[in-house]
Every structure is written in C-alpha cells, then in structure tokens.
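Geometric and topological summary
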Amino acid sequence: MPSWRDLRVEAEQSLAKAGIENAASEARWMVEHVSGFDAAELVTAEDEPAPSRSNEHLTDLVGRRVAGEPLQYVLGGWVFRGLDLLVDRRVLIPRPETEVTAQVALDEAVRLGARRGRSDPWSGAATTYVVADLGTGSGALALALASELPDAEVWGTDVSDDALAVARANLAGTGLPSTRVRLARGSWFDALPAALRGRLRLVVSNPPYVAETEVAELPAELRHEPWRALVSGATGMESIEELAREAPVWLDAPGTFVCEIAPHQAEAASKVSTAAGFDEVLVRRDTSGRDRVLVARMLG
C-alpha cells in the first residue's frame, strides 16, 4: 500500500507533467485535503500507508486539475483574509486583488471613524452603522468586513441564487461575525431595503469588469468561473458605471464607495464617479503596482 509520501510525489509528477507551475505546493495541498492532516501533521505521517479510498480521491482531484480546473474549485475552498471559505463553480474565486479591495475598504471604514478589531462575544449583534457588499458572490468581502469591523451591520447582495447559497454556507461556517451579516437577492442597490437609502457608511463591490471583447484573452482557468460574475458587457464598464452613479444617494455623508476595477479602467471609472457627484476620487494600487481599487468619497 503506498504511503502518503508516495501519493504526494506521484501527484506532483502528474501536475508538473501537465505544466502546473506550482506542482509541489498544489500536490501537498491536495494530499492535506484528502488526508485531513494539516501541514505539520502530514510531515509526521508521510510514511504511513494511505487508505485506498484516499488514493482514489486524490487521483480524481489531480485529474480535474490536469484538465484545467482551478485549484480552488478542485479543493472546494480557499482562504480569504484568514477566513476558510467554500468556493465552487457557482462563485468567483477570491483572489489577491480582492484582498487588496477588502483592505482598502477597511482602511476607508477606519478613516470614517469605525472601530477595527475582532467581535466581542459579549456584545451580541449590536451595530452602530451599516455597510454593503454588492455582488457578494461567496460572501468573501462581506465576511471580511464583518470579521474586522465589530460595530458594522453588513448587507451582502447578489442577483444569483446559486451565489447566495454559497454565501449562506460560508456565513454558517464563520461564527460570531456572521450574526451581523444580512443577505439579499437582487441587482445591486435594488436588493437593499429602501430604509437604508442615505444611511450606508461604506459600499464595496467586486463587480464584473471584463469586456465581451476581452474574453478570448482571459487565462484558460477563468473560463471555469461564472460568466455573469466576470463579464459586464460590451465595454466592461457597465456595472462600474451603474454602481458609481447610484452610490451617492445610498451613502451617508461622509461615506465611501470602494470598487475593484481593471487597471485600464482607472481613468474612466474616476470620471464617472466625479460626474456622479463624489467630492473626492482616487485609485489605489494592488500588490503588483497596478491601478486596482476605485475610492470615491462623499465628504459631507
């Protein structure tokens, strides 16, 4: 019977042969997934025999990855700012760029006077202000905000029932912060209660921002992800424009709209936001130094 080490080495060889760049790391993550061991436990148990059922499961995972399925879908989950999230074909994969979006949103909340930190288990679900994550998908941004802004009531909206099912599953696995998260179905601001109009301190979104003409240029792995969450329309700016134009009437003043964009959209997104009535507009860069996050402020 092969050991866990044997399975890991075989998986790495198969992935490397298929041209997977990080074959060693991905093989280790897959073995950890099928074994139930964490990284340290796997080192200790590597020479132990692996059950045949685990061998079969690993073979299936490697086959899916070799066929081009993204690693996150193969594993069925991913970590986003310390949160273990369910991720599958119903939602976009949380990426480092969106972690930057989350960080920018958190920084804006603090700039607006929000307290940063973990929830107090003795305070229940008490909140003092409201923020919204529009197009929440897996719930990654909404849960990141709820986890790190202990006084925030967070609304996550999505037009997709499938995406909301994933978000609900992630809420169920998050614990205390999820008690301050509300999910609603609908298109952008239409999903929110009318009573929130003019009351939001912060609006954040990672909307579709790929143009239809850009689809052929996308990495092959992206084609496994939900089209509607990736492609905005003919220009790629449709969702960004709609959000920027509607955000001012939903925000309190002071308040901020934070939106993930493609680097080449920075100028156009800034112009739309200025025309919509925002007092101050800037763009933050991602970890690669590319324009990535629109920040549009109502100063009050």
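Coordinates for the structure precede this section.
A word on the overall build of the chain. Scanning the chain for helices and strands turns up 11 helices and 11 strands. The C-alpha radius of gyration of the chain comes to 21 Å, within 12% of the 19 Å expected for a compact globule of 300 residues. Dimensions of the chain, computed from C-alpha atoms along their principal axes, come out at roughly 70 × 50 × 35 Å. Scored against the burial criterion, the 300 residues of the chain give a buried share of 52%. Taking the contacts inside the chain whose residues are at least 6 apart along the sequence as the reference set, 68% of them involve residues at least 24 apart. Within the structure as shown, the chain displays about 13600 Å² of accessible surface, and the carbon and sulfur contribution to it stands at 50%. Between the centroid of the 31 positive side chains of the chain and the centroid of its 45 negative side chains there is a distance of 3 Å.

Formed by 36 residues in total, the largest nonpolar core has its most connected members in Leu145, Leu149 and Val154. Elements with a contribution of two residues or more to this core: strand 2 (83–86), helix 6 (96–111), strand 3 (129–134), helix 7 (140–148), strand 4 (152–158), helix 8 (161–172), strand 6 (200–205) and strand 11 (291–298). Per-element accounting of this core gives the leading share, seven residues, to helix 7. Those residues within four positions of Leu145 in sequence are excluded, and the remaining contacts are Ala105, Leu106, Val131, Val154, Leu202 and Val204. In this structure, Val130, Trp155, Leu251 and Met298 belong to the second largest nonpolar core, which totals 31 residues.

With that settled, the discussion passes to helix 2 (residues 23–35). For helix 2, built from 13 residues, the straight-helix expectation of 18 Å at 1.5 Å per residue is met to within 8% by its first-to-last C-alpha distance of 18 Å. Taken as a whole, helix 2 has its buried residues at Ala23, Glu26, Ala27, Met30, Val31, Glu32, Val34 and Ser35. Structurally, helix 2 contributes buried residues whose contacts are with helix 1 (4–17), helix 3 (39–45), helix 4 (52–66) and helix 5 (71–75).

Definitions and limits used
- Sequence order as written defines residue numbering, which begins from 1 separately in each chain.
- In keeping with the predicted nature of the model, local features appear solely for residues at pLDDT of at least 70, side-chain atom pairs appear and are counted solely at 80 or more, and the whole-chain, interface and lining totals rest on all residues.
- Side-chain measures here rest on the full set of heavy atoms in the structure, leaving out hydrogens and waters.
- Strands here mean DSSP runs of E at least two residues long; helices mean DSSP runs of H or I at least four residues long; both are numbered from the N terminus.
- Restricting the calculation to C-alpha atoms gives the radius of gyration, and the globule rule supplies 2.2 Å times the number of residues raised to the power 0.38.
- Any residue under 20% of the maximum accessible area for its type is buried, any over 50% is exposed, and the rest in between are partly exposed; the area is computed with a 1.4 Å probe on protein chains only.
- Any two residues whose heavy atoms approach within 4.5 Å are treated as being in contact.
- Where accessible areas are quoted, they stem from the Shrake-Rupley method and a 1.4 Å probe; at the residue level, only the protein chains shown are allowed to cover.
- In this charge count, Lys and Arg are treated as positive and Asp and Glu as negative; neither His nor the chain ends contribute.
- Every charge is mapped onto a representative atom, which is NZ of Lys, CZ of Arg, CG of Asp or CD of Glu.
- Note on terminology: a nonpolar core comprises buried Ala, Val, Leu, Ile, Met, Phe, Trp, Tyr and Cys residues joined through side-chain atoms within 4.5 Å.
- Between the first and last residue of a helix there are one fewer steps than residues, each counted as 1.5 Å, and that sum is the expected span.

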